[in-house]
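# Per-entry structural report
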Amino acid sequence: MIGKIIEILLKYFGKQGWWPTISENKEEEIAIGAILTQQTSWKNVERCIANLSKANALDLKRIAEMDLKELEEKIRHAGFYRLKAKRLKEFAEYVVKNHKSLRALFRKPLRECREELLSIKGIGKETADSILLYAGNKLIFVVDAYTFRILTRLGIWRERFDYEKIRKFLESKLPKDLEIYKEAHALFVELGKNFCKKRPICKNCPLNGICKKSF
DNA sequence: ACCCAGGTGGCCC
DNA sequence: GGGCCACATGGG
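## Regarding the side chain of D144
Structurally, the position occupied by D144 is in the loop between α9 (125-135) and α10 (145-153). As a buried residue without a salt bridge, D144 has its nearest oppositely charged side chain in R149, at a separation of 8.3 Å. Setting aside chain neighbours within four positions, we find D144 in contact with E126, F161, H185 and V189.

## A closer look at the protein's contact with DNA strand B
Neighbouring DNA strand B are 24 residues; W19, Q39, G122, T127 and Y146 lie closest to it. Considering DNA strand B, the proportion of its atoms within 4 Å of the protein that are sugar or phosphate atoms stands at 64%. Note that a base nitrogen of DNA strand B is positioned 2.9 Å from one of the side-chain N or O atoms of Q39. Here a phosphate oxygen of DNA strand B and a side-chain polar atom of K121 are 2.9 Å apart. Secondary-structure elements contributing two or more residues to the surface near DNA strand B are α9, α10 and α12 (178-195).

## Some remarks on the protein's contact with DNA strand C
Near DNA strand C you find Q39, N44, R47, R76, H77, G79, F80, Y81, R82, L83 and R160, and these make up its full shell. Of all DNA strand C atoms lying within 4 Å of any protein atom, the proportion belonging to sugar or phosphate reaches 60%. Between DNA strand C and N44 there is a distance of 2.9 Å, counted from a sugar or linking oxygen to a side-chain nitrogen or oxygen. Backbone polar atom of R82 to a phosphate oxygen of DNA strand C: 2.8 Å apart, as the coordinates give it. Where the surface near DNA strand C is concerned, the elements lending two or more residues are α3 (42-54) and α6 (81-99). Among the elements that take part in the surface near DNA strand C, α6 stands out by supplying three residues, more than any other. Along the lines of polarity and charge, the residues of the surface near DNA strand C split into three nonpolar, four polar and four charged.

Criteria and thresholds
- Residues numbered from 1 in each chain as written.
- Chains lettered and ligands numbered in written order.
- Predicted model: local features only at pLDDT ≥ 70, side-chain atom pairs only at ≥ 80, totals over all residues.
- Heavy atoms only, no water.
- Helix = DSSP H or I, 4+ residues; strand = E, 2+ residues; numbered from the N terminus.
- Buried < 20%, exposed > 50% of the residue type's maximum accessible area, 1.4 Å probe, protein only.
- Lys, Arg positive; Asp, Glu negative; His and termini not counted.
- Salt bridge = Lys/Arg side-chain N within 4 Å of Asp/Glu carboxyl O.
- Contact = heavy atoms within 4.5 Å.
- Near = heavy atom within 4 Å.
- Polar contact = N/O pair within 3.5 Å; in protein donor to acceptor, adjacent residues only side chain to side chain.
- Nonpolar A, V, L, I, M, F, W, Y, C, P; charged D, E, K, R; others polar.

Right, dumping it as structure tokens:
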């Protein structure tokens, strides 16, 4: 069932190729983007990424050294910008102080990396797992609000939202493959953005015929 | 004039 | 453990 859905979405939307980056420092750029995109459209995040890139600051070491007010200005478009600037800077300071770089943190096994990321204020499960999967190439599935909504409307998920339960459920249904995890999450987001918002848009949805519209 | 976005943490019960 | 709330810019 899950495999079939991914297949349909892949055919409909095409390969997503996540996570999109513009710099050489892909891992850290992904982590920065993951924090900035919390509850915020990617369009807005792209402007912040461009601002940071222009300042040569798609780099945790640079962000750790940067003046907080300056960082706030650069990421203003992302919304919650004072909170995010503070959290992003604290994250950068933590990584630089304890590991020098994000790449160094990823030398640790998945479990330890995840616990460490989750201990940082401002990094919850979705953000941690996005960083682990897309920046760290660790095999962990990323669940988000769209994932829950889609599974619920398909009639596949009938319980309340529980991040860990949904993650483990999907991991049990998908081949243990990095590229599949990356692509499947991206395709869920793409479907969500176009058809499965809080108010569903069922007209022309590629999952018509499968969707039970049970919400 | 609304509603929503690729969430998270704090506080209350 | 669950239910609310603040956080804030930008697009439909």
